[in-house]
Amino acid sequence: MEGEVEEETWTNADGSNVFDDQPFQKQLRVSKIANIFSDRSLFFESYDMNQMTPLDMTYDDEKKNRDEFYDGTGSLVWLASIAFCHLVAEDAIVQLIPETNEELRICELGCGVGLASIATLMANPKDCFALFTDNDPEALDLSRKNCVLNSLEPDSYRHILLSWGDSLPESDSNGALREGSFDCVLATDVIYDVSMIPPLLQTTSSLLRWNGHFIVSHVPRFCLPVRQENETATRISDDCAPGPSSCCSSELPQQKLEIFILEQAKSQSLQLIDTLRPHQVLKNIPTTKQSGPRDDSRNTISRQNLQEAHAVLFVFEKVASID
């Protein structure tokens, strides 16, 4: 009946209920973004999420009895990272990276399986160094494997465990992790809770040199808590004209979150200098969603997917003073 809440039964491929009490299943698979760089594909190993619920991604079966939080999202591949790789391939990212007369130094935060930095290194094979960081050793292991899988030069990258918000060491054993030593910091699909935003931006600002750039590929995955939402809505309404076409209409939740991120970035000396909407920029992907059986290629994103997900790419510059 209309208005009633109907219970859905979610089933696995074998017909079993996904919510049955069964062991946590993680299956590794090798996938690819086919021919993303002319005739060269980007290969990556990640966990298959076909039999994983969102709860599975954040609690390890071995730790459930101890009630310990576990975040396994870094071992999966998310829409914003695939979009970033396509933006790299279509040369939309290279113009956003600051110029340098020396080796370009890139640090990726929450690298997961490492797609963003791998794509950047594949597009800039000379005079470029990437530091892959994550707080999950399992994700870093996958990232290492994927660097080898794509035949990257061993001297062009390193992997380091890093938690956001922690004080940076003056230098690590090889001097890779130094405050203010990176030209560019990357992050893709790493913001899925409001509490993650301040430490992410704090660490970003610490890593960047002055006038360095922070590029974050983002898909909104939560709504602001009521207090922040109301405060942000008030600031939006002050700038909006009344009427159905106002910026305060249908996309208000996403706009509130975006504005909140931009405001938090200002507090860390990060000034917004560019905004890209991938569905408006990308040319070499399908316009609408693709149907058919799943294969080993992750080329199935479309401009429709990206638009419906409100995917966005922000580019910030670390500056001494923000107007």
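The preceding data block contains the structure.
Residues numbered from 1 in each chain as written. Predicted model: local features only at pLDDT ≥ 70, side-chain atom pairs only at ≥ 80, totals over all residues. Heavy atoms only, no water.

Asks: Describe helix α4 (residues 137-149), with residues and values.
Replies: Between its first and last C-alpha atoms α4 spans 18 Å; for 13 residues at 1.5 Å apiece the expected length is 18 Å, and the two agree. The set of residues buried in α4 consists of A139, L140, L142, S143, N146 and C147. Summarising the axial view, the buried residues of α4 lie within an arc of 160°, below the 170-degree limit, and thus occupy one face. Here α4 starts with a cap whose side-chain oxygen sits 3.0 Å from the backbone nitrogen of E138, and that cap is D136. Following α4 by one or two positions, S151 adopts a phi angle in the positive range, close to 60°. (Helix = DSSP H or I, 4+ residues; strand = E, 2+ residues; numbered from the N terminus. Expected span 1.5 Å × (residues − 1). Buried < 20%, exposed > 50% of the residue type's maximum accessible area, 1.4 Å probe, protein only. Arc of directions from axis to C-beta. Polar contact = N/O pair within 3.5 Å; in protein donor to acceptor, adjacent residues only side chain to side chain.)

Asks: Which residues make up the packing of aromatic side chains, and what values do they have?
Replies: In the structure shown here, the tally under the stated rule is 3 aromatic pairs. Ring centres of F132 and Y157 lie 6.2 Å apart, and the angle between their planes is 90°; this geometry places the pair in the edge-to-face category. Of this pair, F132 sits in strand β4 (residues 128-134) while Y157 sits in strand β5 (residues 157-161), and the two are 25 residues apart along the sequence. As far as the burial class goes, F132 and Y157 line up, both buried. (Phe/Tyr/Trp six-rings, centres within 6.5 Å; stacked < 30°, edge-to-face > 60°.)

Asks: Run through the nonpolar core, naming residues and quoting values.
Replies: With 52 residues, the main nonpolar core has L42, I93, I215 and L313 as its most contacted residues. A total of 8 residues in this core trace back to one element, the largest contributor, which is helix α2 (residues 79-89). The contact partners of L42, leaving out residues within four places of it in the chain, are S31, K32, I33, I36, C85, L115, I118, A119, M122 and N150. (Core = buried A, V, L, I, M, F, W, Y, C linked by side-chain atoms within 4.5 Å. Contact = heavy atoms within 4.5 Å.)

Asks: Describe the sheet that holds strand β6 (residues 182-188), with residues and values.
Replies: Strand order in this open sheet of 7 strands is β5-β4-β3-β6-β7-β9-β8, and the pairing throughout is mixed. Either end of the sheet is taken by a strand with one partner, and the two such strands are β5 and β8 (270-276). Looking at each pair of strands side by side, their axes are set apart by 20° on average, direction ignored. For strand β3 (residues 104-108) and β6, the ladder comprises 3 bridges, and the chain directions are parallel. When the sheet's bridge partners are listed, I106 is paired in β6 with C184. Along the sheet face, helix α7 (residues 252-266) touches β7 (208-218), β8 and β9 (312-318) and points at about 15° away from the line of β9. (Pairing = 2+ DSSP bridges. Axes fitted to C-alpha atoms, helices over the stretch in contact; angles between N-to-C directions.)

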